[in-house]
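# Remarks on the overall topology
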Amino acid sequence: MQKANAFHYNKNCFKLRKELNNNMLCGVVPAWLPWKLNKVAEWCYYGYQLLCLILFVTPAAAITLLVWEVSTWIIMHTEVLKQSFEGILRIADIQERRRRLNLWLSYHLHILSLSRQLNYLTKKCLGIYSLLAALLFGSVINQIHNKENTVGGTLTFLGFLLAIFILCQAGEKISQQNKDITDAVYNSSWYMMEVKTRKDVMFILMSSNIKLYLEALPLGQLNFALLLMVYMYI
């Protein structure tokens with residue numbers, strides 16, 4: 001939508017081309033050719049530009065949503081762990097209870113591994129996104145303030161604002177999940193179990209204290225605190 005608006009807004013280019021009678025193409029991205037194109041070829045060029053923009057913009061939006069979807073999927077697994085822990089402690093048979101605890105712990109370690117992998121991929125692909133969004137917000141707000149292509153600037157602002165909010169929400173979820181597990185384990189009746197089970201639970205509490213996050217290079221971590229810092233550029 002923003003690029004289509006840019007095509008409509010670019011009236012000065014069309015006016016300049018008419019005055020100078022040159023071969024400038026005033027599409028989404030203005031260009032100059034050493035030869036003249038007829039109307040059909042010119043509109044084919046504009047259509048090709050829009051098609052390329054769609055092909056480039058759609059994967060970028062999909063990557064942002066993918067981080068949010070994976071973080072939500074990890075949180076769903078975390079909820080399963082929280083809900084199942086108290087039920088495991090209620091098992092009367094000591095051997096069966098310890099076997100279930102070992103499975104629970106393996107499941108927890110698997111979730112921690114998934115969170116680290118998500119952080120690694122997010123840092124490599126979208127870590128710089130927060131810095132770019134902050135710089136872009138400052139530029140777009142200045143553009144809107146100067147009343148230069150206000151509609152296009154507003155669309156760009158809203159699109160990047162939504163994207164950075166989704167990423168920060170995903171990072172906030174990941175950073176909160178281990179704390180939720182720690183609270184669920186600590187608030188259970190583990191202290192009423194036998195010594196071996198209490199030792200297992202202490203190990204679980206130690207592993208739950210591992211801090212998880214999604215890194216945002218070079219501004220720290222993706223969370224709501226970073227979102228507020230990005231807003232400061234507005």
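Given the structure is predicted, the values throughout are model-derived calculations rather than measurements.

## Concerning the overall build of the chain
- Looking only at helices and strands, the chain has eight helices and four strands in total.
- For the chain, with 234 residues in total, the buried portion stands at 34%.
- As displayed, the chain has an accessible area near 14200 Å², and 66% of this comes from carbon and sulfur atoms.

## Quick word on the packing of aromatic side chains
- Applying the stated criterion across every chain yields a total of four aromatic pairs.
- Each ring, one from Phe165 and one from Phe224, has its centre 6.3 Å from the other, and the planes form 20 degrees; the classification is stacked. Linking Phe165 in helix 6 (residues 150–186) with Phe224 in helix 8 (residues 224–231), this pair joins segments that are 59 residues apart in sequence.
- On the basis of relative accessible area, Phe165 is assigned to the partly exposed category, the value being 33%.
- Residue classification places Phe224 among the partly exposed positions, given a relative accessible area of 33%.
- Centroid distance Trp190 to Tyr191: 6.3 Å. Interplanar angle 80 degrees. Geometry classified as edge-to-face.

## A few points about the packing of helix 5 (residues 129–145) against helix 6
- Between helix 5 and helix 6, the shortest axis-to-axis distance is 9 Å and the interhelical angle comes to 155 degrees. The orientation of helix 5 relative to helix 6 falls into the category roughly antiparallel. In this structure, the crossing between helix 5 and helix 6 has a hand that is left-handed. On the side of helix 5, the interface is formed by Tyr129, Ser130, Ala133, Leu136, Phe137, Val140, Ile141, Gln143 and Ile144, while helix 6 contributes Thr150, Gly153, Thr154, Thr156, Phe157, Phe160, Leu161, Ala163, Ile164 and Leu167.
- Here the contact of helix 5 with helix 6 is built from residues that sort into 13 nonpolar, six polar and no charged.

## Remarks on the side chain of Thr64
- As for its position among the elements, Thr64 is in helix 3 (residues 39–89).
- Judged by its relative accessible area of 5%, Thr64 falls in the buried class.
- When near neighbours in sequence (up to four residues on either side) are disregarded, Thr64 contacts Leu126, Ala163, Ile166 and Leu167.

## Here's the deal with the environment of His77
- With respect to the element layout, His77 can be found in helix 3.
- Sequence separation between His77 and Ile111 is 34 residues, and the spatial gap between their C-alpha atoms is 7.4 Å.
- If we skip the residues at most four places from it in the chain, His77 touches Tyr107 and Ile111.

## What to know about the side chain of Asn223
- Along the chain, Asn223 turns up in the loop between strand 4 (220–221) and helix 8.
- Judged by its relative accessible area of 17%, Asn223 falls in the buried class.
- Once you skip the residues sitting within four places of it in the chain, Asn223 turns out to touch Cys168 and Glu172.

## Some points on the packing of helix 4 (residues 94–126) against helix 7 (residues 195–208)
- Direction vectors running N to C along helix 4 and helix 7 enclose 5 degrees, while the axes themselves pass 11 Å from each other. As judged from the angle between their axes, helix 4 and helix 7 are roughly parallel. On the side of helix 4, the interface is formed by Arg97, Arg98, Leu101, Trp104, Leu105, His108 and Leu112, while helix 7 contributes Lys196, Thr197, Asp200, Phe203, Ile204, Ser207 and Ser208.
- For the contact of helix 4 with helix 7, the residue count by class is six nonpolar, four polar and four charged.

## Side note on helix 3
- If you check helix 3, its first and last C-alpha atoms are 76 Å apart, about what 51 residues at 1.5 Å a residue would give, namely 75 Å.
- Within the sequence span of helix 3, burial applies to Glu42, Tyr46, Gln49, Thr64, Val67, Ser71, Ile74, Thr78, Leu81, Phe85, Ile88 and Leu89.

## Thoughts on the environment of Met76
- Note on placement: Met76 falls in helix 3.
- Note on Met76: relative accessible area 53%, which makes it exposed.
- C-alpha separation for the pair Met76 and Gln177, spaced 101 residues apart in sequence, amounts to 9.8 Å.

Cut-offs applied
- Residues numbered from 1 in each chain as written.
- Predicted model: local features only at pLDDT ≥ 70, side-chain atom pairs only at ≥ 80, totals over all residues.
- Heavy atoms only, no water.
- Helix = DSSP H or I, 4+ residues; strand = E, 2+ residues; numbered from the N terminus.
- Buried < 20%, exposed > 50% of the residue type's maximum accessible area, 1.4 Å probe, protein only.
- Areas by Shrake-Rupley, 256 points an atom, 1.4 Å probe, with all protein chains shown as cover.
- Phe/Tyr/Trp six-rings, centres within 6.5 Å; stacked < 30°, edge-to-face > 60°.
- Axes fitted to C-alpha atoms, helices over the stretch in contact; angles between N-to-C directions.
- Parallel < 35°, antiparallel > 145°, perpendicular 65-115°, else oblique.
- Left-handed = near helix turned anticlockwise from the far one by under 90°.
- Contact = heavy atoms within 4.5 Å.
- Nonpolar A, V, L, I, M, F, W, Y, C, P; charged D, E, K, R; others polar.
- Expected span 1.5 Å × (residues − 1).

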